[in-house]
Amino acid sequence: MSKKTLYTIFDSREDLVRQLVSQVLTETGGRIDAIVSADERLAQKLSRLLTFLSFVFRRMDSDLGKELHFRMPEVWRSVEQFRERKLQENVSKLLEQGVR
């Protein structure tokens, strides 16, 4: 795809990156929610969640993630806010499930 075609779809490079990051966060959130709400034992959910999160965090720590952090800090902040919010809400859900 040519740059000209890309810029007929996206207003700017930043718009492209924002939409891509938004899509990745939506998919990641969906996978996390699916793991937490699965009909499995708590230990299995925790194991699956930790495995998935380690994969996600490795991707975020890649050169691409570092470049995003450096060149588009406001987009990176949205990634970090998503990570904090998702971890807090899902750890709470898992703790509630464990208590039950």
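Before reading on, note that the structure itself is shown above.
Residues numbered from 1 in each chain as written. Predicted model: local features only at pLDDT ≥ 70, side-chain atom pairs only at ≥ 80, totals over all residues. Heavy atoms only, no water.

1. A look at the environment of Arg18
Now for step 1: Considering the arrangement of structural elements, one finds Arg18 in helix H2 (residues 13-37).
Now for step 2: Using a relative accessible area of 37% as the deciding quantity, one classes Arg18 as partly exposed.
Now for step 3: For the pair Arg18 and Ser78, spaced 60 residues apart in sequence, the C-alpha separation works out to 9.5 Å.
Now for step 4: Beyond its immediate chain neighbours, meaning those up to four positions away, Arg18 contacts Glu74 and Val75. (Helix = DSSP H or I, 4+ residues; strand = E, 2+ residues; numbered from the N terminus. Buried < 20%, exposed > 50% of the residue type's maximum accessible area, 1.4 Å probe, protein only. Contact = heavy atoms within 4.5 Å.)

2. Quick look at the side chain of Lys45
Now for step 1: Relative to the assigned elements, Lys45 resides in helix H3 (residues 42-60).
Now for step 2: The residues contacting Lys45, other than those within four sequence positions of it, are Ile35, Val36, Ser37, Ala38, Glu40, Leu94 and Gln97.

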